[in-house]
Amino acid sequence: MGKLTSLLALLHNSESVKEIEQELTSRGYQYTVGKVGAMDLSKVVSAIETSAKSKGIVNANSYREVHALYHAILEAIQGVGRGTVQFGDILRTVGLTFSIVRGNIDFSGYGGEWISVCVYGTIGAPKKGFEHDALGFGFNHI
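Nothing here was measured: the structure is a model prediction, and the numbers come from that model.

Undergrad: Tell me about the environment of Leu-24, and please be specific about residues and values.
TA: Within the fold, Leu-24 resides in helix H2 (residues 17-26). In this structure the C-alpha to C-alpha distance between Leu-24 and Gly-103, which are 79 residues apart in sequence, comes to 9.2 Å. Excluding anything up to four places from it in sequence, Leu-24 contacts Leu-4, Leu-8, Tyr-29, Tyr-31 and Val-101.

Undergrad: Explain a nonpolar patch on the surface residue by residue, including any values.
TA: Among the surface-exposed residues, Leu-7, Leu-10 and Leu-135 lie close enough to one another that they form a single nonpolar patch of about 230 Å² accessible area. The residue Leu-135 is located in strand S4 (residues 131-141) in this model. For Leu-135, a relative accessible area of 45% gives the class partly exposed.

Undergrad: Could you give an account of the pairing of S4, naming the residues involved and the relevant values?
TA: Look at any regular strand and the pattern is simple: side chains alternate between the two faces of the sheet. Strand direction decides the pairing type here: strand S3 (residues 110-124) and S4, joined by 11 bridges, are antiparallel. Bridging across to S4, Gly-121 finds its partner in Ala-134. Between S3 and S4, which pair antiparallel and follow one another directly, the connecting turn spans six residues, one of which, Gly-129, has a positive phi of 90°.

Undergrad: Outline the sheet that holds S3, listing residues and values.
TA: Backbone hydrogen bonds hold the strands of a sheet together, and the pairing may be parallel or antiparallel. Here we have four strands laid out as an open sheet, ordered S1-S2-S3-S4, and antiparallel in their pairing. Among the strands making up the open sheet, the edge pair consists of strand S1 (30-38) and S4. Neighbour to neighbour, the strand axes of the sheet diverge by 15° on average, direction disregarded. Bridging between strand S2 (residues 93-107) and S3 involves 15 bridges; their strand directions are antiparallel. Its bridge partner lying in S3, Gly-103 is registered against Trp-114. Seen against the sheet, helix H4 (residues 63-80) touches S2, S3 and S4 and runs at an angle of roughly 150° to S4.

Undergrad: Now, about H4: what can you tell me, with residues and values included?
TA: Compared with the 26 Å implied by 1.5 Å per residue over 18 residues, the 26 Å span of H4 between its first and last C-alpha is a close match. Those residues of H4 hidden inside the fold are in contact with helix H3 (41-54), S2, S3 and S4. After H4 finishes, the residue Arg-82 shows a positive phi value of roughly 55°.

Undergrad: Lay out the packing of aromatic side chains in plain terms, naming residues and giving numbers.
TA: This model, assessed by the stated rule, comprises two aromatic pairs. When the centroid spacing of 4.9 Å and the interplanar angle of 15° are considered together, the rings of Trp-114 and Phe-139 count as stacked. Note that Trp-114 is positioned in strand S3 and Phe-139 in strand S4, a separation of 25 residues in sequence. Considering the side-chain rings of Phe-137 and Phe-139, the 6.0 Å spacing of their centres and the 25° angle between planes classify their relative orientation as stacked. A relative accessible area of 29% places Phe-137 in the partly exposed class. Among the aromatic residues, ring-to-ring pairing joins Trp-114, Phe-137 and Phe-139 into one connected group.

Undergrad: Please provide a residue-by-residue account of the packing of H3 against H4, values included.
TA: Between H3 and H4, whose axes approach to 10 Å, the crossing angle comes to 135°. For the element pair H3 / H4, the angle class is oblique. As for the relative orientation of H3 and H4, their crossing is right-handed in sense. Contacts from Leu-41, Val-44, Val-45, Ile-48, Glu-49, Ala-52 and Lys-53 of H3 reach H4 at Val-66, Leu-69, Tyr-70, Ile-73, Leu-74 and Ile-77. Residue composition of the contact of H3 with H4, by class: 11 nonpolar, no polar and two charged.

Rules behind the numbers
- Residues numbered from 1 in each chain as written.
- Predicted model: local features only at pLDDT ≥ 70, side-chain atom pairs only at ≥ 80, totals over all residues.
- Heavy atoms only, no water.
- Helix = DSSP H or I, 4+ residues; strand = E, 2+ residues; numbered from the N terminus.
- Contact = heavy atoms within 4.5 Å.
- Patch = residues over 30% accessible without salt bridge, like charges linked within 9 Å, V, L, I, M, F, W, Y side chains within 5 Å.
- Areas by Shrake-Rupley, 256 points an atom, 1.4 Å probe, with all protein chains shown as cover.
- Salt bridge = Lys/Arg side-chain N within 4 Å of Asp/Glu carboxyl O.
- Buried < 20%, exposed > 50% of the residue type's maximum accessible area, 1.4 Å probe, protein only.
- Pairing = 2+ DSSP bridges.
- Axes fitted to C-alpha atoms, helices over the stretch in contact; angles between N-to-C directions.
- Expected span 1.5 Å × (residues − 1).
- Phe/Tyr/Trp six-rings, centres within 6.5 Å; stacked < 30°, edge-to-face > 60°.
- Parallel < 35°, antiparallel > 145°, perpendicular 65-115°, else oblique.
- Left-handed = near helix turned anticlockwise from the far one by under 90°.
- Nonpolar A, V, L, I, M, F, W, Y, C, P; charged D, E, K, R; others polar.

Below you can see the structure in the form of structure tokens.
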């Protein structure tokens, strides 16, 4: 599930994405892809969370589901920020593509529902050409 989530974010604009989407569908996973750019961390979190809710990946009225999503988002953003989950406060901006995948997976005979978030894009000073690629991934049980 994690590999597919990552590939979905990385290859969303390529012809290869059709194979990834077919595999996600064949496994019964729910998924979505979106984009967000901001200097404010709360805007990044909000965009990803709103996408998951509006696409039906999580139930907006379920604390358990939204809470699991929130932790997966924060874990992914820590990868982009190299552990520092602040952007605008330290004059950093991000332009990210994100993917969210939800589904059942089996660990050593124990099945359960999980959610994963991958964010890929750029982070840097708010000036064109002053950014670099970054990738983050988060995974949480529901």
